[in-house]
Each structure stands twice: as structure tokens, then as C-alpha cells.
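Observations on the three-dimensional arrangement
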Amino acid sequence: MDHRTRARISRIAAHLVHPGNSQNEGVLERIDCRSKGGASGFKVAVLGASGGIGQPLSMLMKMNPLVSVLHLYDVVNTLGVTADISHMDTTAVVRGFVGKEQLEAALVGMDLVIIPAGIPRKPGMTRDDLFNINAGIVRTLCEGVAKCCPNAIVNIISNPVNSTVPIAAEVFKRAGVYNPKRLLGVTALDVVRANTFVAEVVGVDPKEVDVPVVGGHAGITILPLLSQSIPCLRMRRSESALSSFQASDLVNPSFSFTEEEVEYLTNRIQNGGTEVVEAKAGTGSATLSMAFAAAKFADACLHGLRGDAGVVRCAFVASEVTELPFFASKVRLGRAGIEEVYPLGPLSAYERSGLEKLKKELLGSIDKGISSVRQ
């Protein structure tokens, strides 16, 4: 085999096996795989890429034109996922990393780190039941982030988000790299569900619905602000031109709901995860819809990093909106990560009651996460 052929094979194989994997040593000399003809973009890592959320999320991130390099990490089975996804004819170059010894290599130079790692919910389990295992996983991964890419935006998906985001914050504080603008708990699935369920009740396309969901990401801490739900803006030019819209751009002026509809929608949104867990009857949790929502949220973060204007999403972040240290609300994303955290705005009597009810439970989850690192 001549040198040119060996080099070509090395380039093809390079994204499948990272240096240090025994199956690659002594076979082919690694030559870094480079994208040819692709536009420049961002470097994204998915930690937990072999799991039920990680696999479809990795596929969706491979499809994102803003991603130039995609690193997939997990403790097992990453190379198969990497090989599979790498065959997709999109621009992003995919590289796989397996095991704790390759975590740092997976993280060096990343712009966005997405963490869906952890065990899934099973029937009868609450998000708190996941805490003992997932807390340790998130802590370890965030220690790697703090060391290798401390300026990356970090999206936490691992449940219970109400506790894992505070855990990540404490890890970053200990390492001296904490930036609250760059740490976001992904609550996008609550918004996706709210938009879908409202659209079913109202009889419109879910894409034309925007329901803010605030509070936390478990049970009664999830508070959809149905009184503020509005049709999405149909822009004349671009989705990012939020500052230029006019009243005539609105598809429909407003939504309104009966008391029964508010009760039904709120309960279904709060218990959407349980609905899926029970429907899957022990075979899994909300993995596909979570991956979809997480990919949408990651895309928003990348648009913010690019400098697009008017990128507003809900997320669980360090907050002064209430007396709680972390709270999910609308945030504006930009090059710095979180550019602005928006106030709650006017609430209905039902929503004000829900806000007071959620605070004790949410604070308990936050404190539990913080205490687990400080002990």
C-alpha cells in the first residue's frame, strides 16, 4: 500500500477512533480529519452521546449547518454511534471518544457542550430518584469542562435539572471559572409540550404557538404561563428581526382559555414526562422529544453565539427574577451566552398561586444539588 493510499484511509478513519484507542494503534497513522468545502461553524460536544437522548440528539446536531465539528463522548459504545452518524452527508466532522481517559480530549476547544448523560427515568421514579447517580455523572463531566473548555456554553439536560444545574455551578465555582451567563438548564421540552398541547386545544399549527414556561423542570415546579401564550410572530423578513415586527405581522391577536382548559393544560404539561414513561411501560422515557427540544435549544444558543439578534428562549438559569437562586424564565441569548434574563411579566391569579406553590419544592431541589458538592 503506497503512502498516498495510506494517508487517504487514515483521513477517512480518523473521525472514528481517537488517538489512544488500542484498536487504532499500529494499524494506521492518524491524520486529522478535516471538512472539505464546508462553511465555518462552531465546535459542539455531546456528553452522553450513546444514550437514548444522546443518539438522536447527536444526529440532529450533525444536521445543524452551524456545527463544523461534533465531538461525541460516552463511557461505552461511542464509536458505533460515531461511525453511524459520520455517514450523513452534512458538513460537520464527527469524532468519537470513549471512557473517562478521553473526556478531556473530547472537550478541548469546544464552543458548546451539551450534557444528556445519565440514567433515564423508569416507571414509578421521580426526578429526585435519579439524583444519586446522575449527580455524580454531571459533577465529573463538569469538572472536565472547567479544565478543558471553561468558556464554553454548557447546556444541562441530565435530570433532575433543578439540582444538576446548581451542581454544575458549584463545580465551576470551585474551579474558579463560573460564569452564570454560560450555564443553562434545558427546559425546552416543557415549552415544546406546552406549544403542542395548546395547539391541540386551540386548533392551530404548533409552530404558530409560543407559551412561556417558567419555574423549574419537574412536576409542579413547571409553570406554563398560559395567560401570556401568544401566536408566534410571522416575520416578513427573518425570524431574527424581532425588533422590526408590526401588529399586522401577527397570525392571530391572542389565545384565551377557560378555567377547565387552563387546569387541563397545566397538569398535562407538568406531567408530560410521566405520560411518556408510563406509555413506554418500562422500556424508556421521553428520549426522542427531549432530543428534539434539546437540538432546538442548542440551535438557539449557536445563533446567539453567531450574533443573531432577538434569540429568546426559556431556560433554567441563575436568576434574580424571584428570591430563588435559580429559576426558569425567558432569556435572550447572544455571543456572551445569556445577554438578558426577562422578568415574569403579568400573571393570572392561577399562575400566581402556582408560583407560590412551586417555590418550596424548587428551593429544596436547588439546595440538594448545592449541598452535594459542598459536603
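Residues numbered from 1 in each chain as written. Predicted model: local features only at pLDDT ≥ 70, side-chain atom pairs only at ≥ 80, totals over all residues. Heavy atoms only, no water.

**Comments concerning the overall build of the chain**
A count of helices and strands for the chain gives 11 helices and 13 strands. Counting only residues that meet the buried cut, the chain has 51% of its 375 residues in that class. Contacts in the chain between residues at least 24 apart in sequence constitute 68% of all its contacts with a sequence separation of at least 6. By element, 52% of the accessible surface of the chain is carried by carbon and sulfur atoms, the whole surface being about 17,400 Å². (Helix = DSSP H or I, 4+ residues; strand = E, 2+ residues; numbered from the N terminus. Buried < 20%, exposed > 50% of the residue type's maximum accessible area, 1.4 Å probe, protein only. Contact = heavy atoms within 4.5 Å. Areas by Shrake-Rupley, 256 points an atom, 1.4 Å probe, with all protein chains shown as cover.)

**Regarding the pairing of strand β3 (residues 93-98)**
Counted residue by residue, β3 has six buried out of six residues, so it is predominantly covered. Burial of the side chains of β3 extends over both faces: V93, R95 and F97 are buried on one face and V94, G96 and V98 on the other. Of the strand pairs in this sheet, strand β2 (residues 67-74) and β3 are connected by six bridges, and their pairing is parallel. Its bridge partner being in β3, H71 is matched across the sheet by R95. Taken together, β2, helix α3 (residues 78-86) and β3 constitute a β-α-β crossover, and its handedness is right-handed. (Pairing = 2+ DSSP bridges. Right-handed = clockwise from strand over helix to strand, strands pointing away.)

**Observations concerning the pattern of salt bridges**
Note on pairing: side chains with opposite charge can pair once their charged atoms come close. Applying the stated criterion to the full structure yields 11 salt bridges. Note that E104 is salt-bridged to K147, the shortest N-O span being 2.9 Å. Of this pair, E104 sits in helix α4 (residues 103-107) while K147 sits in helix α5 (residues 131-148), and the two are 43 residues apart along the sequence. Given a relative accessible area of 61%, K147 falls into the exposed group. The structure contains a network of salt bridges with shared partners spanning E170, K173 and R374. (Salt bridge = Lys/Arg side-chain N within 4 Å of Asp/Glu carboxyl O.)

**Looking at the environment of S58**
Following the sequence through the fold, S58 ends up in helix α2 (residues 54-62). On the accessibility criterion, S58 (0% relative accessible area) is buried. In sequence terms S58 and A291 are 233 residues apart; their C-alpha atoms lie 8.4 Å from each other. Leave out the neighbours within four places in its chain, and S58 touches V46, A49, L70, L72 and I85.

**Observations concerning the packing of aromatic side chains**
Throughout the structure, instances matching the rule amount to one aromatic pair. Directly above the aromatic system of F131 lies the positively charged group of K368, at a separation of 4.7 Å from the ring centroid. (Phe/Tyr/Trp six-rings, centres within 6.5 Å; stacked < 30°, edge-to-face > 60°. Lys NZ or Arg CZ within 6 Å of the ring centre and 35° of its normal.)

**A few points about the packing of α2 against α3**
Closest axis-to-axis distance for the α2/α3 pair is 10 Å, and the angle between their directions is 35°. For α2 against α3, the interelement crossing comes out right-handed. Mapping the contact onto sequence places Q55, S58, M59 and K62 in α2 and V81, I85 and S86 in α3. Of the residues belonging to the contact of α2 with α3, the class tally is three nonpolar, three polar and one charged. (Axes fitted to C-alpha atoms, helices over the stretch in contact; angles between N-to-C directions. Left-handed = near helix turned anticlockwise from the far one by under 90°. Nonpolar A, V, L, I, M, F, W, Y, C, P; charged D, E, K, R; others polar.)

**A closer look at the confidence of the model for the chain**
Mean pLDDT over the chain works out to 87, with 82% of the residues at or above the 70 mark. Segment residues 22-38: pLDDT under 50, and 29 contacts once partners within four positions in sequence are set aside and those in other chains are kept. (pLDDT = per-residue confidence, 0-100.)

**Things to note about helix α11 (residues 349-374)**
If you check α11, its first and last C-alpha atoms are 38 Å apart, about what 26 residues at 1.5 Å a residue would give, namely 38 Å. Along its length, α11 shows its largest kink, about 35°, at K359. Along α11, the positions that sit buried rather than exposed are E351, G354, L355, L358, K359, L362, S365, I366, G369, I370 and V373. Each element contacted by the buried residues of α11 is listed here: α5, α6 (161-175), β8 (213-215), β9 (222-224), β11 (311-318) and β12 (326-334). (Expected span 1.5 Å × (residues − 1). Bend = angle between axes of the 7 residues up to and from the residue.)

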